[in-house]
Structure formats: C-alpha cells, structure tokens
Amino acid sequence: MARDERSVTPQSEDFAAWYNDVVFRAELVDRGPVRGSMVIRPYGYRIWELLQADLDGRIKATGHQNAYFPLLIPQSYMQREAEHVEGFAPELFTVTQAGGKELDEPLVIRPTSETIIGEMMAKWISSHRDLPLLLNQWANVLRWEMRPRMFLRTSEFLWQEGHTAHATAADATAETMLALGFYQDVAVEAAALATVPGEKTPRERFAGAERTFTIEGMMRDGRALQAGTSHFMGTNFAAAFGITYTGESGTAELCHTTSWGMSTRMVGGIVMTHGDDKGLVLPPALAPYQVVIVPIGRGEQAGTVSSAATELAARLRRAGIRTHVDDRPQLSPGFKFNDWEMRGVPIRLELGPRDLAAGTALMSRRLTYPQPDTSRPESGKEAIPLAAAPDLLVAELATFQAMLTQRAADFRDDHTATVYSWPEFAAAVAVGWALALHCGEPGCEDEIKAETTATPRCIPLGGEPEQGPCVRCGKQSAYGKRVIFARAY
Ligand SMILES: [Zn+2]
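Residues numbered from 1 in each chain as written. Predicted model: local features only at pLDDT ≥ 70, side-chain atom pairs only at ≥ 80, totals over all residues. Heavy atoms only, no water.

(A) Structural context of the overall build of the protein chain. Looking only at helices and strands, the protein chain has 14 helices and 23 strands in total. By the compact-globule yardstick of 23 Å for 489 residues, the protein chain fits well, its C-alpha radius of gyration being 25 Å. For the C-alpha atoms alone, the extent of the protein chain along its principal axes is close to 80 × 60 × 45 Å. Approximately 21300 Å² of the protein chain is accessible, and the part contributed by carbon and sulfur atoms is 52%. In the protein chain, which carries 49 positive and 60 negative side-chain charges, the distance between the mean positions of the two groups comes to 4 Å. (Helix = DSSP H or I, 4+ residues; strand = E, 2+ residues; numbered from the N terminus. Rg over C-alpha atoms; globule rule 2.2 N^0.38 Å. Areas by Shrake-Rupley, 256 points an atom, 1.4 Å probe, with all protein chains shown as cover. Lys, Arg positive; Asp, Glu negative; His and termini not counted. Charge placed at Lys NZ, Arg CZ, Asp CG, Glu CD.)

Set out below in structure tokens:
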C-alpha cells in the first residue's frame, strides 16, 4: 500500500518519527512559536480533561482541597532549600523586568510550587488541630527544556501538584503512598497502562525529598516513562519555611510534608503504550469519541441514512457513550475510516441503506487482541442490531478497555527480563526492562549509563527480598531487592 500524506512512519522503522507523526496528524498538538512550547489542540486537550476529571475525583474523595497559588515566585524563596534550588537552577525561567523597569528582586516562574506553598503553610498552620493540611493545585509550570518532545518534554506543561503537611513522619509517609496509589489507579484503570509502582534510587530523588516514589510505564519501544511521582519531604521544607505546629505538650514541632504530581506527559504515555502503525489507539475511558458513526449513502438515500445516524448517536449519548457522527459530505467513507483509525477511536459504526433496511450497523473495533482473535469474523466487521446498540456498545467498550489493559501488561511482561549477568543485562535493556541486583554506587550507575544509556527506574514495591552480586561490578547488592533498569524518556 502506498503511503499517503496521512499515513504514519512504521514504529519498527523509527519510533520517534512514528510518535511525531501521530501526535501531529491525530491533531493532539501543534508547535508553539517559542522553542519547546506546545499548543494542545482540542482533541488532545479533551484526553487531558478526561484524565484530569478522573484524577481530581480521586484527590477530592480523600479529603484534599483544590487551591491556586501565584505563578511568580520571589527568587529568594527558591534559595531557602539548598538541594531544591540546586536541582532546579538549570531549568528556571526568571523575570527581571516588569512595567519597563528592572525589578528589585527577580521573580522565578514556578517550576513547581513547594516554596510558595510552604510559605503559605507556615502562615496557616499553628496548632496540631490545623493538621493534616491537604492541598492540591491544577496549574501550568515552566522548566527550560533543551531537547523538547511534545507532551514528554516541553518547557511549559500542565499538571496537578498535591502539597500536604502532617504532624508525624508516619502520617506523611502514608500520604505519600496514598497519592502514589491515585496515580497507579488512574494509569491502570483509565489510561490502561501497565505501570509499576516503586521507589526511586537516591540519585533519582526529587530535589529536596527524603524519599521519592514513582510509577513507571513501558512504552512500545521498550523504554520506560515516569508517569507520576510522589515525594516524602521529611522536615526539609518545613525547616526552610518555618512550617511548625504547637503539639499537645505546648512545644513547637516541625511538620512533615509531601508533594506529588502527574502531568500532560501522561498523554504521551498513552500514545506510546497503545499506538500502532495505523496511528493512535485510545482507551475508551479517555477517548474524546468512544464511537464514531460514518453514514454511507448517496443521492436520495443520504438524507435517510444521515437522520438515522443522528438518531442512533442520540441514543448512544443517552447511554453515556461519547459519540460523534462524521457527516463531512466532501470526504469518502474510506478516507473517514482511515482518519478515525489514525485518531484512535475505539469503535466505528458504518451505517448504509442496506444496513438500515436490515436494522443493523457494521461495527469495527480499532484493534483486536489477542491477534488474531478467532472468535471474531475475519474482516473485523460485525453487524449489530440497532435496537440493542446502546447496551451492546457499552459492553463492547468495557471489553476494549480491558483488552488494552491486558495487552499493555502482556507487552511489559514479555519485555522484562530477570538478569543474572552483564550480557543478559545489556540484551534486556536494548529491547525492554532488566530486573537486576545493583550495588547502588553512583560510579557503577554511571558506567551502566555510559555503556547502555539505561538508568535505574525504580525499586518495585512488590519485589521479593533478594541479595547477591551487583550485575555490573559484582559488589554486594543494595536495596535488598532487584531494581528495574531501562532506557527512559
Ligand atoms: Zn555495581
């Protein structure tokens, strides 16, 4: 088949080119005028809105409240926590002028809001009765990006950042794990990713955190994507910003704080987890259109088919299905089929005069799994009765969602190897993930990275206790468990 201008580069040929083809041609994004900036187009933004609504519900259901803090942060705030400023310094945008005049103190555009929220927490918390303080903010942040990639690394992105303060380290640790659980649940249940929750090794921790937890997803090129992080700060930020409470004994105590974030990067993760050579594949839970109806009919029949399509769409919408009728008259059905396949719509319905006369529509799913699915007709098209369409499609969408989840998990498991030697390690990270014992020494990590570009992604939470020689240098392993190493985004 000739590759027309709307087809995409095959994944096996060049995964990065495939990714770019898909995000632009599916109209998820466009390039902004400033290097590293991204315009999120309506189709891409809708995916984000659906994810956002799901996550926001989980955050609010556990007692957190949304608030909004300023975009501009006094530079001095950033400097109060030594590790934090050192970690973020290379990425900061700084405003030095306003109203045509030099500012007395430069202002940092938020790269994250621990400092300004810390300042306010210090003001709002005085007694143990003010704790826990459970805040969340939906906002944009800016971090200078040398090598931008749409959704994955852009200088400006959208996210939520949770910030909480607690009386005890145990309470703050429980909160850190609660937030990690939100991310794991959203990633698996809504985005159908096969993420692994785990703890970051010391060098991969957030700047200023005592412990950092992550969920790591496997993309279809075998690389890992950090899809959400949750940080236990101990008393580091409380000490820097004076966040204290008076305990029951009357003495002033430092609070223990957390922060946690998930961003528009998740949209890139969805593209790279589910997409194929035809383009995007969207999980129904986050698909802007779950079902697209393509009316097929010419001349006199066009009107009849079109009104039947509109009526069917209304019935599907009443059943809670996000439905779109593609009634663009100037385009052929074949073009529309390819277009919606490329844009990842889970289910397509064709409705022509013969189908109408038979009281049916022709259903095609965006993909089947396992492939080939012998329980389905070979053409991939199935006639479904119009009368029962809403119930049938609700069930079909649930099946499609479960199928994508299973497919992602199978792909991850098929591309994850438990390794015992350096050759096994190198072979594993060339195509996927390696579960390896590691000594935990920075120099050894550097050597691994120099030779394979793989880095430690996380120490999986569920891993079995294990000790032994480091896969690279043979020294005694650290962490008491295997570590996931992978090339990462
Ligand atoms: Zn080592």
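On we go from here.
(B) Spotlight on the coordination of the zinc ion. With distances of 2.3 to 2.4 Å, the protein atoms coordinating the zinc ion are C439 (SG), C444 (SG), C470 (SG) and C473 (SG). Classification of the site at the zinc ion rests on its 4 donor atoms, whose angles at the metal span 104 to 117°, yielding the label tetrahedral. Counting residues between consecutive donors of the zinc ion along the chain gives the motif C-x4-C-x25-C-x2-C. Here C473 lies in the loop between strand 22 (455–460) and strand 23 (483–486) and C439 lies in the loop between strand 21 (433–436) and helix 14 (442–452), a separation of 34 residues in the sequence. (Donors = N, O, S within 2.8 Å, 3.2 Å for Na, K, Ca; no water. Tetrahedral: all angles 85-135°; square planar, octahedral: opposite > 155°, others 65-115°.)

(C) Representation of the packing of helix 9 (residues 300–318) against helix 12 (residues 389–414). Packing of helix 9 against helix 12 leaves a shortest axis separation of 9 Å and a crossing angle of 55°. Between helix 9 and helix 12, the angle is such that the two are oblique. Note that helix 9 runs across helix 12; the crossing there is right-handed. Here L312, R315 and L316 of helix 9 come into contact with helix 12, specifically with A389, P390 and L393. Across the contact of helix 9 with helix 12, the residue classes tally to 5 nonpolar, no polar and 1 charged. (Axes fitted to C-alpha atoms, helices over the stretch in contact; angles between N-to-C directions. Parallel < 35°, antiparallel > 145°, perpendicular 65-115°, else oblique. Left-handed = near helix turned anticlockwise from the far one by under 90°. Contact = heavy atoms within 4.5 Å. Nonpolar A, V, L, I, M, F, W, Y, C, P; charged D, E, K, R; others polar.)

(D) Structural detail: the sheet that holds strand 22. Spatially, the 11 strands line up as an open sheet ordered 3-7-8-14-11-10-9-22-23-21-20, and their pairing is mixed. Both outer strands of the open sheet, strand 3 (65–66) and strand 20 (416–418), are each paired with one neighbouring strand and no more. Across the face of the sheet, helix 2 (residues 42–61) comes into contact with strand 3, strand 7 (133–142), strand 8 (156–166) and strand 14 (256–263) while running at roughly 165° to strand 7. (Pairing = 2+ DSSP bridges.)

(E) Expanded view of the packing of helix 1 (residues 15–25) against helix 8 (residues 265–274). Direction vectors running N to C along helix 1 and helix 8 enclose 115°, while the axes themselves pass 11 Å from each other. Crossing angle aside, the handedness with which helix 1 passes helix 8 is right-handed. On helix 8, the residues touching F15, W18, Y19, V22 and V23 of helix 1 are G268, V271 and M272.

(F) The arrangement of the pairing of strand 7 in detail. Counting buried positions over the 10 residues of strand 7 gives 9, a clear majority of the element. Across 2 bridges, strand 3 lies against strand 7 in parallel orientation. From the neighbouring strand, Q65 faces strand 7, where its bridge partner is L135. Taken together, the 10 bridges between strand 7 and strand 8 define a ladder with antiparallel strand orientation. Within strand 8, the position partnered with L142 by the bridge is E156. (Buried < 20%, exposed > 50% of the residue type's maximum accessible area, 1.4 Å probe, protein only.)

(G) Examining helix 6 (residues 169–190) more closely. Spanning 22 residues, helix 6 covers 31 Å between terminal C-alpha atoms, matching the ideal 32 Å at 1.5 Å per step. If you check which residues of helix 6 are buried, you get A172, E175, T176, A179, L180, F182, Y183, Q184, V186, A187 and A190. (Expected span 1.5 Å × (residues − 1).)

(H) Just the nonpolar core, in detail. Judged by nonpolar contacts, the single largest core of 55 residues is most densely connected at V23 and L28. Residue contacts for V23: discarding those within four places in its chain leaves L28, V29, M150, F151 and V271. (Core = buried A, V, L, I, M, F, W, Y, C linked by side-chain atoms within 4.5 Å.)

(I) The sheet that holds strand 6 (residues 101–109), seen in detail. Read across the sheet, 3 strands follow the order 4-6-5 without closing on themselves; strand pairing throughout is antiparallel. At either margin of the open sheet sits one strand with a lone partner, and together these are strand 4 (72–74) and strand 5 (93–98). Pairwise comparison of adjacent strand axes, ignoring direction, gives a mean angle of 50° for this sheet. Alignment of strand 5 against strand 6, held across 5 bridges, turns out to be antiparallel. Among the inter-strand pairings, A98 is bridged to a residue of strand 6, identified as K101.

(J) Focus on the environment of S230. In this fold, S230 is placed in strand 11 (residues 224–234). Residues S230 and P333 lie 103 residues apart in sequence; the distance between their C-alpha atoms is 47 Å. Residues within four places of S230 in sequence aside, it is in contact with T176, A179, L180, R211, T212, F213, S259 and W260. Here the side chain of S230 touches T176 through a polar contact of 2.7 Å, landing on its backbone oxygen. (Polar contact = N/O pair within 3.5 Å; in protein donor to acceptor, adjacent residues only side chain to side chain.)

(K) Layout of the side chain of R407. Mapped onto the secondary structure, R407 falls in helix 12. No salt bridge forms around the buried R407; measuring N to O, its nearest opposite-charge neighbour D276 is 5.1 Å away. Beyond its immediate stretch of four places on either side in the chain, R407 contacts R220, T273, H274, L367 and Y369. (Salt bridge = Lys/Arg side-chain N within 4 Å of Asp/Glu carboxyl O.)

(L) Summary view of a nonpolar patch on the surface. Together, Y68, L71 and L72 make up an exposed nonpolar region whose accessible area comes to about 280 Å². Within the secondary structure layout, L72 lies in strand 4. (Patch = residues over 30% accessible without salt bridge, like charges linked within 9 Å, V, L, I, M, F, W, Y side chains within 5 Å.)

(M) Up close: the packing of aromatic side chains. Considering all chains together, one arrives at 12 aromatic pairs under this definition. Look at F157 and W159: their rings are 5.9 Å apart centre to centre, the planes differ by 90°, and that puts the pair in the edge-to-face class. The buried category is assigned to F157, whose relative accessible area is 14%. Ring geometry for F425 versus F485: centroids 5.3 Å apart, planes at 70°, classification edge-to-face. On the criterion of sequence distance, the pair formed by F425 in helix 13 (residues 422–431) and F485 in strand 23 is long-range, its members being 60 residues apart. For the pair F425 and F485, one class covers both residues: buried. Taken together through their ring pairs, the aromatic side chains of Y43, Y289 and W340 make up a single cluster. Over the ring of F337 we find R348, and its NZ or CZ is 3.9 Å from the ring centre. The ring of Y420 is capped by R482, whose NZ or CZ atom sits 4.7 Å from the centre of that ring. (Phe/Tyr/Trp six-rings, centres within 6.5 Å; stacked < 30°, edge-to-face > 60°. Lys NZ or Arg CZ within 6 Å of the ring centre and 35° of its normal.)

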